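Letter by letter, the chains look like this.
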Amino acid sequence: MFSQASNVTEEVVQHRSEAQHSSDCSSLAKLTEQLQATQGRYRELEEKLDYLQKSSAQRDRTEALLKQKDKDCAQLAKDCEALKAQATSLLGELNERQSCLEKSEHERKILEEKLCSKLKALQVAERELEQQRKQHHVAMDKLLLQTQSLEQALKTERHVVTEEKKKLTQLQHAYTCLFRDYDSKLKSEGGDLCGRLEEAERALALKQDLIDKLKEEVEQQKGSLETVPVLTAQAEIYKADFLAEREAREKLNQKKEELQDQLNQAMAEIEKIKQDAASRARIEQMKMRHMEDFPPRAPLPPPQGVFPGPAFNTVPPATSFRNQGLVPQEALLKLLAGLEADRADETGKAGDQTSEFGQQLPGPRLGVGMDCCVIPLRHGGLSLVQTTDFFYPLVEDPYMMGRIACANVLSDLYAMGITECDNMLMLLSVSQKMNDKDRERVMPLMIQGFRDAAEEGGTSVTGGQTVINPWIIVGGVASVVCQPNEFIMPDGAVPGDVLVLTKPLGTQVAVNAHQWLDQPERWNKIKLVVTKEEVKEAYQEAMFSMATLNRTAAGLMHKFQAHAATDVTGFGLLGHANNLAAQQRNEVAFVIHNLPIIAKMTAISKACGNLFNLVQGTSAETSGGLLVCLPREQAAKFCSEMKSQSSGAGGQGAAGGAWIIGIVEKGDRRARIIDKPRIIEVPPRGSQAANQDNSSTSPAPSPNLS
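Figured I'd write up the structure that's included with this text.

Here is what the cut-offs are and how they apply
- Residues take numbers from 1 onward in each chain, read along the sequence in its written order.
- A pLDDT threshold of at least 70 governs which residues receive local features in this predicted model, and a stricter bar of 80 or more applies before side-chain atom pairs are shown or counted, although totals over entire chains, interfaces and linings include all residues.
- Excluded from the side-chain calculations are hydrogens and water; all other atoms, namely the structure's heavy atoms, are used.
- Only DSSP runs of H or I reaching four residues or more are called helices, and only runs of E reaching two or more are called strands; each is numbered from the N terminus.
- Relative accessibility under 20% of the residue-type maximum defines a buried residue, over 50% an exposed one, and the middle range a partly exposed one, all with a 1.4 Å probe and only protein chains included.
- The accessible surface values rely on the Shrake-Rupley method and a 1.4 Å probe; as for residues, cover is taken only from the protein chains in view.
- Strand pairing requires that DSSP identify at least two bridges connecting the strands.
- Note on aromatic pairs: the rings of Phe, Tyr and Trp (six-membered ring only in Trp) are paired at centre separations within 6.5 Å, and the planes decide the class, stacked below 30 degrees, edge-to-face beyond 60, tilted for the rest.
- Distance thresholds for patches are 9 Å for like charges and 5 Å for nonpolar side chains (Val, Leu, Ile, Met, Phe, Trp, Tyr), applied to residues having over 30% relative accessible area and no salt bridge.
- Put simply, a salt bridge is a Lys or Arg side-chain nitrogen that is within 4 Å of an Asp or Glu carboxyl oxygen.
- The contact criterion used throughout is that any non-hydrogen atoms of two residues lie within 4.5 Å.
- The definition of a polar contact used here is a pair of N or O atoms within 3.5 Å, where within protein one atom must be able to donate a hydrogen and the other to accept one, and adjacent residues in sequence count solely through side-chain atom pairs.
- Axes here mean lines fitted to C-alpha atoms, for a helix over just the part in contact, with angles spanning 0 to 180 degrees between N-to-C directions.
- Here is the rule for angles: anything less than 35 degrees is roughly parallel, anything more than 145 is roughly antiparallel, 65 through 115 is roughly perpendicular, and the remaining ranges are oblique.
- Residue polarity follows a fixed list, in which Ala, Val, Leu, Ile, Met, Phe, Trp, Tyr, Cys and Pro are nonpolar, Asp, Glu, Lys and Arg are charged, and the others, Gly among them, are polar.
- Put simply, a crossing is left-handed when the front helix is turned counterclockwise from the back one by less than a right angle, and right-handed when it is turned clockwise.

### Topic: the overall build of the chain
Working step 1: The helix and strand tally for the chain stands at 15 helices and twelve strands.
Working step 2: Counting all 706 residues of the chain, 33% fall into the buried class.
Working step 3: Total accessible area on the chain stands at roughly 43,100 Å², and carbon and sulfur atoms take up 54% of it.

Now the structure itself:
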């Protein structure tokens, strides 16, 4: 467009110059002026052209913006429709929640009305009970007064009858004397016979009248005595009324308790409804905020633990956690059988490469079923020996509970003849029912007891795990890396060996008996066979026995060539003896003849109807002694050494540190207790019997063990 305008201008100038070439020079100046005007117009046209180009670019940008605006409007329309649908659904859900809330409010009102009616009925029942109690007291007072008056009258009548009988006897004696005098006088005095006879007859008549009167009085007294059975029957009637009234009162009390239970249930339901209503209200508030600005929901923070120390992790408890109790030994071994690679199915499948790799490592191996696992390591012919254990508190002292838990964990290592532990971890569950004050007082003491026992065993606690739980649970993990000559595999028992136990049995009975001191119903069953002082002494002995480490026995196992051992804990003496017998390479059987038991615990177990199965060997023990298989010639020396070392260290019971309890014979890898085992009463330390037995030696193998 610009080039065309330039060509037109040049042509116009040329034509005009040719047409007026012949004109005079005066017109040249005019043409020059016109040329200048044309150039100014040309510049104006160029400026307009630039402006039009800029306007065209701006128009293109405006059209692109308009198209984008149209797309945004369409997207906004779609978003508006989606928001309307979401708002409609939320409003429907809000209406539904509102109807549920109204229904809950209606149910709450109904429950409150029921609660009011139950309270009124309870008040009426209490008033009736109080009125009947007052009437009962009045009737009892009347009955007591009548009984006392009847007893007094009966005593008086009996006294009168006795006196009358005495008078009658005297009169009969006087009549006999008078008749004798009359006869003698009649024989001696014949002249005055008639006068005296008449006087005697008159006197006899008077005496006879007196006798008749006395007989009448006796008959009256007999009639009075006949009223005694009537009064007795009346007393029986009063007694029956009293018993019936007492039964009615007991029924009223029972009804009161039932009403109280119903009241508690109603209160619990009301509280639950209130909580549901509060949660629904929070949900509604959240939905209202969501309807206003649709903010994203923030995630809830996870709960924190109780002891977030430097080496203790904290995790929240599982909401579905329940106490399942102690799993039976056979069921437990069956469940855990699949965990051990050696006992997996022998189909030769190539799925378990870890098992194949583990089988290539040289060295002894021990898996599921015994106290510890023994795992060969890849370096230098070493083995990792590791164990874990935990349980619930069973003594009142938290410090001693921590020591018992540590001793219980280390006992698994000591049963392998290991005396040194490289590392320990502590497992601690804090009860969610404890308040802050109790938690701050109890838990540090339990941790301190665990740490002190670990230091006594020559190791330290380097970490652990702390969780929140409905119950307190305490335990730990013990690990050691050692050479094969530092531990004794529990599979070398041979026929002729002797079984030795290093701690007395009966800890569970002692702990339960101590708890029963505050439970009259339980205490009444055992108070005839044991005193409170004896129960307290047995409890102290059990607590210190459980807190004592089996480290001394572990060291002596190497000195006296022990063939196998296990510690006696939750499955009792017979359960762990069976487990140890099943582990043996040789076909042997364990026969137990003697049972060392804390004094009086056998009598308590029998008084409870054999509740604990103590003599049968299935009573649970905690941190019990080691059951050791020793050569016959070494058993007595082992017991003597245990006694001397335990006595020097404060004692493992006053009667000594170890007892020979049975023998190993050829058999079917099972254990049994003879029908009538010998009970060895172990007196608690510090008792009079223990002081008397301080100079006694450990029992040698009895003749019935051969």
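### What about the pairing of strand β11 (residues 659-666)?
Working step 1: By the criterion of burial, β11 is predominantly enclosed, with six of the eight residues buried.
Working step 2: Where strand β7 (residues 498-501) and β11 come together, four bridges link them in antiparallel fashion. When the bridges of β11 are listed, Val 500 appears paired with Ile 660.
Working step 3: The sheet contact formed by strand β9 (residues 588-598) and β11 spans five bridges and is antiparallel. What sits directly across from Ala 589, in β11, is Glu 665.

### Structural notes on the packing of aromatic side chains
Working step 1: Counting across every chain of the model gives two aromatic pairs.
Working step 2: Geometrically, the ring pair formed by Phe 560 and Phe 638 is edge-to-face, given 6.1 Å between the ring centres and 80° between the ring planes. Within this pair, whereas Phe 560 is found in the loop between α11 (551-559) and β8 (564-567), its partner Phe 638 is found in helix α14 (residues 632-648), the two being separated by 78 residues in sequence.
Working step 3: By relative accessible area, Phe 560 is classed as buried at 6%.

### Some points on a nonpolar patch on the surface
Working step 1: Taken together, Tyr 175, Phe 179 and Leu 204 make up a surface patch of nonpolar side chains, about 280 Å² in accessible area.
Working step 2: As for its placement among the helices and strands, Phe 179 is situated in helix α2 (residues 26-188).

### With respect to the environment of Thr 622
Working step 1: Considering the arrangement of structural elements, one finds Thr 622 in the loop between α13 (601-607) and β10 (626-630).
Working step 2: Classification of Thr 622 by relative accessible area gives buried; the value is 16%.
Working step 3: Spatially, the C-alpha atom of Thr 622 lies 4.9 Å from that of Thr 569, the residues being 53 residues apart in sequence.
Working step 4: Apart from residues no more than four positions distant in its own chain, Thr 622 is found in contact with Phe 391, Leu 394, Ile 404, Asn 408, Thr 507 and Met 546.

### Quick notes on the pairing of β9
Remember that side chains alternate between the two faces of the sheet whenever the strand is regular.
Working step 1: Counting buried positions along β9 gives eleven out of eleven residues, so the element sits mostly inside the fold.
Working step 2: Bridge count for β9 against strand β12 (residues 671-682) is eight bridges, and the pairing is parallel. Each bridged residue has a counterpart across the sheet, and for Ile 598 the counterpart in β12 is Val 682.

### A few points about the side chain of Thr 502
Working step 1: Within the secondary structure, Thr 502 is located in the loop between β7 and α8 (507-515).
Working step 2: One polar contact links the side chain of Thr 502 to the main-chain amide nitrogen of Leu 626, over a distance of 2.7 Å.

### Considerations on the sheet that holds β12
Working step 1: A sheet is described by the order of its strands in space; here six strands give the open sequence β8-β10-β7-β11-β9-β12, paired in mixed fashion. The strands lining the two open edges of the sheet, one partner per strand, are β8 and β12. Going across the sheet, the axis of each strand differs from the next one's by a mean of 20°, ignoring polarity.

### Description of the pattern of salt bridges
Working step 1: For the structure shown, the criterion picks out nine salt bridges.
Working step 2: With a shortest N-O distance of 3.6 Å, Lys 559 and Glu 641 are connected by a salt bridge. Of the two residues, Lys 559 sits in helix α11 while Glu 641 sits in helix α14, which places them 82 residues apart along the sequence.
Working step 3: For Lys 559, a relative accessible area of 47% gives the class partly exposed.
Working step 4: Judged by relative accessible area, Glu 641 falls into the partly exposed class, the value being 23%.
Working step 5: A single network of salt bridges, built from pairs that share partners, joins Glu 105, Arg 108 and Glu 112.

### So, unusual backbone geometry
Working step 1: Backbone geometry at Lys 600 places phi at a positive 75°, although glycine is not the residue there.
Working step 2: Among the structural elements, Lys 600 can be located in the loop between β9 and α13.
Working step 3: What makes Lys 600 partly exposed here is its relative accessible area of 33%.
Working step 4: Phi is positive for Asn 610, which is not a glycine, with a value near 55°.

### Things to note about the environment of Gln 221
Working step 1: With respect to the element layout, Gln 221 can be found in helix α3 (residues 193-293).
Working step 2: Take Gln 221: its relative accessible area is 15%, and that puts it in the buried class.
Working step 3: Considering only alpha carbons, one finds Gln 221 and Arg 158, 63 residues apart in sequence, at a separation of 8.6 Å.
Working step 4: Contact partners of Gln 221, with chain neighbours within four places excluded, come to Glu 157, Val 160 and Val 161.

### Notes on helix α12 (residues 572-582)
It helps to recall that an α-helix has 3.6 residues per turn; residues three or four apart then point in one direction.
Working step 1: When you tally the buried positions in α12, you get nine out of eleven residues, the bulk of the element.
Working step 2: Buried residues of α12: Gly 572, Leu 573, Leu 574, Gly 575, His 576, Ala 577, Asn 579, Leu 580 and Ala 581, and no others.

### Digging into the packing of helix α6 (residues 398-414) against helix α10 (residues 532-547)
Working step 1: The interhelical angle for the contact between α6 and α10, taken along N-to-C directions, is 45°, at an axis separation of 7 Å. Here α10 runs oblique to α6, going by the angle between their axes. Here Met 400, Arg 403, Ile 404 and Ala 407 of α6 lie close against α10, whose contacting residues are Met 543, Phe 544, Met 546 and Ala 547.
Working step 2: A per-class count over the contact of α6 with α10 returns seven nonpolar, no polar and one charged.

### Notes on α8
Working step 1: Turning to α8, its buried residues number three or more, namely Thr 507, Val 509, Ala 510, Val 511, Ala 513 and His 514.
Working step 2: Each element contacted by the buried residues of α8 is listed here: α9 (520-526), α10, β9 and α13.

### Side note on the packing of α6 against helix α7 (residues 436-456)
Angle between the axes and distance between the axes are the two parameters that describe a pair of packed helices.
Working step 1: Interaxial distance between α6 and α7 falls to 6 Å at its minimum, and their mutual angle equals 40°. Between α6 and α7, the angle is such that the two are oblique. Read as a crossing pair, α6 and α7 show a hand that is right-handed. Every residue of α7 that contacts α6 at Pro 398, Tyr 399, Met 401, Gly 402, Arg 403, Ala 405, Cys 406 and Leu 410 is listed here: Val 442, Leu 445, Met 446, Gln 448, Gly 449, Phe 450, Asp 452, Ala 453, Ala 454 and Glu 456.
Working step 2: Classifying every residue of the contact of α6 with α7 by side-chain character gives twelve nonpolar, three polar and three charged.

### Focus on the side chain of Ser 619
Working step 1: With respect to the helices and strands, Ser 619 occurs in the loop between α13 and β10.
Working step 2: Setting aside residues up to four positions removed in sequence, Ser 619 forms contacts with Gln 508, Val 509, Gly 572, Phe 612, Asn 613 and Leu 614.

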